[in-house]
Amino acid sequence: VLLASCSAMQVALEKKDLKVETKMSDTIFLDIENQAERTVFIDIKNTSDKELDIKPLVISRLQANGYTVTTNPKEAFYILQGNVLYVGQADPSALRTAVAAGYGGTFAGALGGALIGGAAGGGSGALYGAGIGGLVGAGVEMIAGSLVKDVTYTIVTDLMISERSKEAVEQTVQSNLQQGSGSAIRQTSRTATERKRYQTRVASTANQVNLKLEEALPSLTEGLAKSIAGIF
């Protein structure tokens, strides 16, 4: 019981303040010779299961940086497309893997699941294994776990930025389509376009003891919008 109390207290003290971070899988460098061109079209989707709209925040930050937001993509020098893939709790190790996978990469492991870290102190194996009976250990773990949780929330977003180019850009699209369980169809198409395209994945995370999603969302969305606008 004493060990559980000390561990819970340590986690509560270490994680009492909200910590927000934003990580990007790949750095995007836009052509600095085109910095005078400041028109952008923005299209950000949300395919997560949470109600979330970061587009107004992104627009506000880009306008503060001197960009004009247009509703016609053909008029825009830059086209910013995004998709919010996931909003919710995340295991830190699975989240690092998901970010490292980059744009379009799969999520390795479940980002959502049980509260991260289990009961304060790292779980019954680390906390109660030495000389404490199973029933007592289970009871203490339940009490500690119900009071102190080390919680991480995240927003994972894929981004693609298209930049107008003076020269024609040739692009190749390859698709692998499953045809049942034993075969696949590979398709390749080549086209010429007038835009260079850049892709990256951004994850904004918030960590605090006993954190609730509604408490984390304002800081998460602000950090995400700041990171996206910072590319330009």
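Everything in this summary refers to the structure shown in the same document. The shown structure was predicted, so the numbers you read here are calculated from the model rather than taken from an experiment.

### Some thoughts on the layout of surface pockets
Move 1: One number sums up the size of the largest pocket: a volume of about 240 Å³.
Move 2: Around the largest pocket, the lining residues are Lys19, Glu21, Lys23, Pro92, Leu95, Arg96, Val99, Thr152, Ala203, Thr205 and Asn207.
Move 3: Counting residues per element, the ones that place at least two in the lining of the largest pocket are strand S1 (19-24), helix H3 (92-101) and strand S6 (183-209).
Move 4: Broken down by element, the residue count for the lining of the largest pocket peaks at four residues, all from H3.
Move 5: Here the residues of the lining of the largest pocket sort into four nonpolar, three polar and four charged.
Move 6: Quantified by volume, the second largest pocket comes out at close to 180 Å³.

### Describing H3
Move 1: Here H3 has its buried residues at Ala94, Leu95, Ala98 and Val99. Taken down its axis, H3 places every buried residue within 135° of arc, on the same side. Turned more than 90 degrees off the buried face of H3, the exposed positions are Arg96 and Ala100.
Move 2: Structurally, H3 contributes buried residues whose contacts are with S1, strand S5 (150-179) and S6.

### Focus: the environment of alanine 100
Move 1: Its location among the elements puts alanine 100 in helix H3.
Move 2: Looking at alanine 100, the relative accessible area reads 66%, which means it is exposed.
Move 3: In the structure, alanine 100 is positioned 100 residues away from threonine 200 in sequence and 10.0 Å away in space, judged by C-alpha atoms.

### Re the sheet that holds S5
Move 1: Here we have six strands laid out as an open sheet, ordered S1-S6-S5-S4-S2-S3, and mixed in their pairing. Single-partner strands in this sheet number two, and they are S1 and strand S3 (68-69).
Move 2: Judged from the seven bridges that link them, strand S2 (residues 39-46) and strand S4 (residues 78-89) form a sheet pairing that is parallel. Bridge pairing in S4 links asparagine 46 to valine 84.
Move 3: Of the strands in this sheet, S2, S3 and S4 touch helix H2 (residues 55-64), which is tilted by about 160° from S2.
Move 4: Across the sheet, H3 is in contact with S1, S5 and S6; its angle to S6 comes to roughly 150°.

### Section: the pattern of salt bridges
Move 1: One pass over the full model with this rule turns up six salt bridges.
Move 2: With a shortest N-O distance of 3.5 Å, lysine 19 and glutamate 21 are connected by a salt bridge.
Move 3: As a salt-bridge pair, arginine 61 and glutamate 222 come within 2.7 Å of each other at their nearest N and O atoms. Separated by 161 residues along the polypeptide, arginine 61 in helix H2 and glutamate 222 in helix H6 (residues 213-229) bring together distant segments of the chain.
Move 4: The class for arginine 61 is partly exposed, based on a relative accessible area of 29%.

### Observations regarding unusual backbone geometry
Move 1: The backbone of asparagine 210 sits at a positive phi, close to 55°, despite the residue not being glycine.
Move 2: Within the secondary structure, asparagine 210 sits in the loop between S6 and H6.

About the cut-offs
Residues numbered from 1 in each chain as written. Predicted model: local features only at pLDDT ≥ 70, side-chain atom pairs only at ≥ 80, totals over all residues. Heavy atoms only, no water. 1 Å grid on protein atoms, 1.4 Å probe; cavity = no way out; pocket = protein on both sides within 12 Å on 5 of 7 lines; lining within 4 Å. Points joined across faces, edges and corners; volume = space filled by probe spheres on them. Helix = DSSP H or I, 4+ residues; strand = E, 2+ residues; numbered from the N terminus. Nonpolar A, V, L, I, M, F, W, Y, C, P; charged D, E, K, R; others polar. Buried < 20%, exposed > 50% of the residue type's maximum accessible area, 1.4 Å probe, protein only. Arc of directions from axis to C-beta. Contact = heavy atoms within 4.5 Å. Pairing = 2+ DSSP bridges. Axes fitted to C-alpha atoms, helices over the stretch in contact; angles between N-to-C directions. Salt bridge = Lys/Arg side-chain N within 4 Å of Asp/Glu carboxyl O.

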